[in-house]
Amino acid sequence: MATLSRADVEHVAHLARLGLTEEELARLEGQLNHILDQYAILATVPTDHIAPTAQTIELENILREDTTRPSLPVEAVLANAADTDGSFIVVPPILGSE
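Owing to the predicted nature of the structure, the values given are computational and were not obtained by experimental measurement.

Asker: How would you summarise the overall build of the protein chain if you had to cite specific residues and measurements?
Answerer: When helices and strands are tallied, the protein chain shows three helices and two strands. Moving toward the C terminus, one meets the helices and strands of the protein chain in the order α-α-α-β-β. In terms of overall dimensions, the protein chain is more spread out than a globule: its C-alpha atoms have a radius of gyration of 27 Å, far above the 13 Å expected for 98 residues. Oriented by its inertia axes, the alpha-carbon framework of the protein chain measures out at about 65 × 45 × 30 Å. Every one of the 98 residues in the protein chain was classed for burial, and the buried ones make up 6%. Contacts in the protein chain between residues at least 24 apart in sequence constitute 31% of all its contacts with a sequence separation of at least 6. Total accessible area on the protein chain is roughly 9300 Å²; 59% of this is exposed by carbon and sulfur atoms.

Structure below.
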C-alpha cells in the first residue's frame, strides 16, 4: 500500500486550510500512514461470504407517542416577534423579493 509523503500531508492540510506547525505535520503524517496501514490489513479480510449491508444493527423507531398539550397563546408568541402582520410573524425573504 502506498504511503503518504510529507508533501502529500502538507497539500491536504493546505486544501483544508489548516495552519499546522512542523511538529503537527510530522505527527499527522505518521497517523495518516498508520490509518492506511490498518486499512490495508482490513482489505485482506475475506468478505465474499458476507452479504452487503447498509446497517449492521436493526433500526428501531424510538420516537415517543404524539400527545396534545397546551401551547403558548398566539398573543404571547406574537409579542416576542420582531415584526408581525395580523396573526402572522413576518420574516425576511430568503430566496429574493419575488
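Structure's up, so let's keep going.
Asker: Go over unusual backbone geometry with me, naming the residues and quoting the values.
Answerer: Positive phi values are uncommon outside glycine, yet Arg17 reaches one of about 55°. Here Arg17 shows up in the loop between helix H1 (6-15) and helix H2 (22-43). For Arg17, a relative accessible area of 65% translates into the label exposed.

Asker: Hey, could you go over the packing of H1 against H2 for me, with residue numbers and the actual values?
Answerer: Relative orientation of the contacting elements H1 and H2 amounts to 110°, with a least axis distance of 9 Å. Classified by the interaxial angle, the pair formed by H1 and H2 is roughly perpendicular. Taking contact as the criterion, the partners of Arg6, Val9, Glu10 and Ala13 in H1 are, on H2, Glu22, Leu25, Ala26, Leu28, Glu29 and Leu32. Broken down by class, the residue content of the contact of H1 with H2 amounts to six nonpolar, no polar and four charged.

Asker: So, a nonpolar patch on the surface: which residues are in play, and what are the values?
Answerer: A grouping of Leu72, Val77, Ile89 and Val91 is seen on the molecular surface, where their side chains present a nonpolar patch of about 370 Å² in accessible area. You can see Ile89 is positioned in strand S2 (residues 88-89). With a relative accessible area of 45%, Ile89 lands in the partly exposed category.

Asker: Run through the pattern of salt bridges, naming residues and quoting values.
Answerer: Pairing is possible between side chains that carry opposite charge, provided their charged atoms lie close to one another. A complete count under the given rule lists three salt bridges for this structure. Between Arg6 and Glu22 there is a salt bridge, with its nearest N and O atoms 2.4 Å apart. Linking Arg6 in helix H1 with Glu22 in helix H2, this pair joins segments that are 16 residues apart in sequence. Judged by its relative accessible area of 26%, Arg6 is partly exposed. Judged by relative accessible area, Glu22 falls into the exposed class, the value being 55%.

Asker: Before we move on, can you summarise the environment of Glu24 with the specific residues and values?
Answerer: Secondary-structure assignment places Glu24 in helix H2. Overall, the relative accessible area of 29% leaves Glu24 in the partly exposed class. Side-chain polar atoms of Glu24 contact the backbone nitrogen of Thr21, separated by 2.8 Å.

Conventions we followed
Residues numbered from 1 in each chain as written. Predicted model: local features only at pLDDT ≥ 70, side-chain atom pairs only at ≥ 80, totals over all residues. Heavy atoms only, no water. Helix = DSSP H or I, 4+ residues; strand = E, 2+ residues; numbered from the N terminus. Rg over C-alpha atoms; globule rule 2.2 N^0.38 Å. Buried < 20%, exposed > 50% of the residue type's maximum accessible area, 1.4 Å probe, protein only. Contact = heavy atoms within 4.5 Å. Areas by Shrake-Rupley, 256 points an atom, 1.4 Å probe, with all protein chains shown as cover. Axes fitted to C-alpha atoms, helices over the stretch in contact; angles between N-to-C directions. Parallel < 35°, antiparallel > 145°, perpendicular 65-115°, else oblique. Nonpolar A, V, L, I, M, F, W, Y, C, P; charged D, E, K, R; others polar. Patch = residues over 30% accessible without salt bridge, like charges linked within 9 Å, V, L, I, M, F, W, Y side chains within 5 Å. Salt bridge = Lys/Arg side-chain N within 4 Å of Asp/Glu carboxyl O. Polar contact = N/O pair within 3.5 Å; in protein donor to acceptor, adjacent residues only side chain to side chain.

It is worth stressing that arrangement in space is one thing and function is another; only the former is reported here.
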